[in-house]
Amino acid sequence: MAFIYGRGTTISSWLRVRPRSFWDWENSEGVLPPELYDEYKHEEGTPMLLEPATLRNVSRAMSEINAFEWEGEFKPMARRALKQLVEQRLEDEMTEHLGLSRYEHAEERADYRNGHYVRHLLTEMGDLELLVPRSRKGGFPSKLIGRYARRCRSIDRVLLACFCLGLSTRKAASVLAPVLEEKVSATTISRIARQLDGEVERYHHRPLADRYRYLFFDGVVLKSKGAAKVQKKILLCAFGITLDGKHEMIDFHAAPTESEACWESFLGDLYKRGLTGTRCQLIATDGGAGLHGALQIVYPNSLLQRCWAHKTRNVLDKVKKADQPAVKKALNRISHAANHRKATEAYWRLASRWRQAYPRAVACLEKDLDELLHFFQIKSPEMWSRLRTTNLIERSFREVRRRTRPMGVMANVNSLQRIVFAVFHHLNQNWSQNIPKKFAHKS
């Protein structure tokens, strides 16, 4: 790629025609000599090296560089202004508390001023060293600054947001140090993150309304520290589409395995909290044996849909690599058929073509074919693309992994649940504000 300077001449050709004296001077001084300046005068698009290094140009460059340092002058001034504002508000609160302003006398008064004490408060402008008024009896109830507070509430929210967005406690502390001009320890961020524990508990025990038309169940594997080694924790998750078309991550549960007993415990808890499934038309799963066994116990009357993405991978595992594109295209003709009858016809064409070469692959498909085609029973064809796979809940898992990957291994299960709750809460808020208007395959 040739870069253009001046009037259409490339830099490469310009470098070849420069005189040897230019090279000598450039190596020793780094700027163009005065006797060569007229010959190589600056034109639009030429490198800045062709400018003569005069006192005027150096002064202009330094003024432009200093223009970028406005924040260095701005923050101390803003910090002083904020300090004066906060101290004035505290004085006003003390006046309101005593009922008397400074130097004002009264025969009957409840308390007296007793000077000030120094208190540090971390704000968006950095650390403020405040003079806080105090009274003789003590217990001055300031509404502006909480008791024992060393940070503004907004700082706590920023620190919590950094944790929820996937920064580890140490990384969050190092990232915010230049902005706050004060080092925040990783322990402090962990203590702030523990404020989510109450929200997580309420999320797990809130009552559920039976307002979901379609349900999706699946598990995601994450890592947390154990007593002796890193352990894999499985989060059993429930996702739903409501009657008015909104998406929602309903709940999740940390379990040791995806066994039938673990799924039955999780589904039973959802059922007791109100998710009875009476209005549910279809439940999509990845085909796990434990989940299917638990669904037969808790939701025996529900229509079960196996995921076509998982089944396609299982079938292709039993096919030679050279034939996989052709078999995959035949599988897509079944899953993307216009109706149940045409899907069945596409299956028989696939079976007659590949049964002799790959009997195990055809048997794997035939075993669950009825459950793979249950989505055709839904009377809304625009929903078929969403119901034939578990991609909707898998997309939420992708968001969880994207947030937890920079953190590495989570400290414990509670820390794991905090970040997962934060991600699901963020997704639910976005989905509640944006109702899908068009159900397309790639929406």
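The written sequence of each chain sets the order in which its residues are numbered from 1. It should be noted that, the model being predicted, local features are given only for residues of pLDDT at least 70 and side-chain atom pairs only at 80 or more, the latter also being counted only at that level, while totals for whole chains, interfaces and linings use all residues. Only heavy atoms go into the side-chain values, all of them from the structure, while hydrogens and water stay out.

## Concerning the overall build of the chain
What counts is decided by this rule: Helix and strand assignments come from DSSP, with helices taken as H or I runs of at least 4 residues and strands as E runs of at least 2, each series counted from the N terminus. For every residue, the accessible area obtained with a 1.4 Å probe (protein chains only) is divided by the maximum for its type, and the residue is called buried under 20%, exposed over 50%, and partly exposed between those limits.
Looking only at helices and strands, the chain has 19 helices and nine strands in total. Within the chain, the fraction of its 443 residues that count as buried is 41%.

## Considerations on helix 12 (residues 308-316)
We count it as follows: We call two residues in contact when some of their heavy atoms are within 4.5 Å.
The complete set of buried residues in helix 12 reads Trp-308, His-310, Lys-311, Thr-312, Val-315 and Leu-316. The inward-facing, buried residues of helix 12 abut strand 9 (304-306), helix 13 (324-335), helix 15 (359-367), helix 16 (369-372) and helix 18 (391-404).

## Observations concerning the nonpolar core
Applied cut-off: The nonpolar core is taken to be a set of buried Ala, Val, Leu, Ile, Met, Phe, Trp, Tyr and Cys residues, with the residues joined through side-chain atoms within 4.5 Å.
Among the nonpolar cores identified, the biggest contains 57 residues, and Phe-216, Cys-237, Ile-334, Leu-365 and Phe-424 are the most heavily contacted of them. For Phe-216, the residues in contact, after removing those within four places along its chain, are Cys-237, Ala-238, Phe-239, Ile-241, Ala-284, Arg-386, Leu-387, Thr-389, Thr-390, Leu-392 and Ile-393. Listed in part, the 23 residues of the second largest apolar core include Leu-236, Ala-255, Cys-280 and Ala-294.

## Some remarks on helix 11 (residues 289-298)
Counting buried residues in helix 11 gives seven out of ten residues, a clear majority hidden from the surface. If you check which residues of helix 11 are buried, you get Gly-290, Leu-291, His-292, Gly-293, Ala-294, Leu-295 and Val-298.

## Notes on empty space enclosed by the protein
Inclusion rule: Residues are called lining when one of their atoms sits within 4 Å of a cavity or pocket point, these points coming from a 1 Å grid over the protein atoms alone, where a cavity is a set in which a 1.4 Å probe fits but cannot get out and a pocket is an open set with protein on both sides within 12 Å along at least five of seven lines. Grid points are joined across faces, edges and corners, and a volume is the space filled by probe spheres set on the points. Charged residues are taken to be Asp, Glu, Lys and Arg, nonpolar residues to be Ala, Val, Leu, Ile, Met, Phe, Trp, Tyr, Cys and Pro, and polar residues to be all remaining types, Gly included.
Under the definition given, this model contains one cavity of 30 Å³ or more. Considering only enclosed or pocket space, the largest cavity measures out at about 40 Å³ in volume. Taken together, Val-315, Val-319, Val-327, Leu-350, Trp-354, Tyr-358, Ala-361 and Val-362 make up the lining of the largest cavity. For the lining of the largest cavity, the elements supplying multiple residues, two or more each, are helix 14 (340-354) and helix 15. Among the residues forming the lining of the largest cavity, the class breakdown is eight nonpolar, no polar and no charged.

## What to know about the packing of helix 18 against helix 19 (residues 413-433)
Selection criterion: Where helices are involved, their axes are fitted lines through C-alpha atoms of the stretch in contact, as for all axes, and angles between N-to-C directions lie from 0 to 180°. Every angle not falling under 35 degrees, over 145, or within 65 to 115 is termed oblique; those three ranges are roughly parallel, roughly antiparallel and roughly perpendicular. Helix crossings fall into two classes, left-handed where the near helix is turned counterclockwise from the far one by less than a right angle and right-handed where it is turned clockwise.
At a closest axis distance of 10 Å, the pairing of helix 18 and helix 19 adopts a crossing angle of 130°. Judged on the interaxial angle alone, helix 19 and helix 18 are oblique. With respect to the hand of their crossing, helix 18 and helix 19 are arranged in right-handed fashion. Facing Ser-396, Glu-399, Val-400, Arg-403 and Thr-404 of helix 18, the residues of helix 19 in contact are Ile-419, Val-420, Val-423, Phe-424, His-426, Leu-427 and Trp-431.

## Focus on the environment of Glu-248
By the element assignment, Glu-248 lies in strand 7 (residues 247-255). Note: C-alpha distance between Glu-248 and Gln-429 (181 residues apart in sequence) is 8.8 Å. Discounting residues that sit within four places of it in the chain, Glu-248 has contacts with Arg-206, Arg-211, Tyr-212, Ala-238, Phe-239, Gly-240, Thr-242, Asn-428 and Trp-431.

## Re the pattern of salt bridges
Operational definition: Salt bridges are identified by distance alone: a Lys or Arg side-chain nitrogen within 4 Å of an Asp or Glu carboxyl oxygen.
A complete count under the given rule lists 13 salt bridges for this structure. Where Glu-248 meets Arg-206, a salt bridge forms, and the shortest distance between an N and an O atom there is 3.4 Å. Pair noted here: Glu-248 is in strand 7 and Arg-206 is in the loop between helix 9 (196-205) and strand 5 (212-225), with a separation of 42 residues, a long-range link. Judged by its relative accessible area of 12%, Glu-248 is buried. Note that Arg-402 and Glu-399 form a salt bridge whose closest N and O atoms lie 2.4 Å from each other. In this pair, Arg-402 and Glu-399 are both assigned in helix 18, three residues apart and thus about one turn of the helix distant. Each of Arg-306, Lys-311, Asp-368 and Glu-371 takes part in a single network of salt bridges with overlapping partners.

## Let's talk about the side chain of Arg-388
Cut-off, in case you're wondering: Under the counting rule used here, the positive set is Lys and Arg, the negative set is Asp and Glu, and His together with the chain ends is not counted. Throughout this description, a polar contact denotes any pair of N or O atoms lying within 3.5 Å of each other; where both atoms belong to protein, one of them has to be capable of donating a hydrogen while the other can accept it, and for residues adjacent in sequence the pair is counted only when both atoms sit in side chains.
Relative to the assigned elements, Arg-388 resides in the loop between helix 17 (384-387) and helix 18. Although Arg-388 is buried, it makes no salt bridge; Glu-382 carries the closest opposite charge, 12 Å away. Of the polar contacts made by the side chain of Arg-388, one reaches the backbone oxygen of Ser-335; its length is 3.2 Å. One polar contact links Arg-388 to His-336, side chain to side chain, over a distance of 3.2 Å.

## So, the packing of helix 13 against helix 14
Running from N to C, helix 13 and helix 14 point in directions that differ by 160°, and their axes come no closer than 8 Å. Classified by the angle their axes make, helix 13 and helix 14 are roughly antiparallel. Between helix 13 and helix 14, the contacting residues are Ala-326, Val-327, Ala-330, Leu-331, Arg-333 and Ile-334 on the first element and Ala-343, Ala-346, Tyr-347, Leu-350 and Trp-354 on the second. Partitioning the contact of helix 13 with helix 14 into residue classes produces ten nonpolar, no polar and one charged.

## With respect to the confidence of the model for the chain
Filter applied, for reference: The predictor's confidence in any single residue is recorded as pLDDT, a number from 0 to 100.
Scored by pLDDT, the chain has a mean of 76; 71% of the residues are at 70 or more. Low pLDDT, under 50, characterises residues 1-23; the stretch is placed with 34 contacts to residues that sit more than four places away or in other chains. Taken together, the stretch residues 437-443 has pLDDT below 50 and engages in eleven contacts with residues farther than four places along the chain or on a different chain.

## A closer look at the pairing of strand 8 (residues 282-285)
Under the convention used in this document: DSSP calls a pair of strands paired once it identifies at least 2 bridges connecting them. By convention, orient the strands away from the viewer: a clockwise path from the first strand over the helix to the second makes the crossover right-handed.
The two faces of strand 8 match: Leu-282 and Ala-284 on one face and Ile-283 and Thr-285 on the other face are all buried. Note that strand 8 and strand 9 share three bridges and pair parallel. When the bridges of strand 9 are listed, Thr-285 appears paired with Arg-306. With helix 11 bridging strand 8 and its parallel neighbour strand 9, the resulting β-α-β unit is right-handed.

## With respect to the environment of Val-184
Tracing the chain through its elements places Val-184 in the loop between helix 7 (169-180) and helix 8 (186-193). Of the residues examined, Val-184 reaches a relative accessible area of 6% and is grouped as buried. The spacing of Val-184 and Leu-122 is 62 residues in sequence and 9.7 Å in space, taken between C-alpha atoms.

## Focus on the packing of aromatic side chains
Counted only if it meets this: Two aromatic rings from Phe, Tyr or Trp, using only the six-membered ring of Trp, form a pair when their centres are within 6.5 Å; if the ring planes differ by under 30 degrees the pair is stacked, by over 60 it is edge-to-face, and anything between is tilted.
Under the counting rule described, the total for this entry stands at 13 aromatic pairs. When the ring of Phe-217 is compared with that of Trp-263, the centres are 6.3 Å apart and the planes differ by 80°; the resulting orientation is edge-to-face. One end of the pair, Phe-217, is in strand 5; the other, Trp-263, is in helix 10 (residues 260-272), with 46 residues separating them in the sequence. Each of the two residues, Phe-217 as well as Trp-263, counts as buried. Seen in terms of ring centroids, Phe-376 and Trp-384 are 5.0 Å apart; in terms of plane orientation they differ by 80°. Their pairing is edge-to-face. Like Phe-376, the residue Trp-384 is buried in the burial classification.

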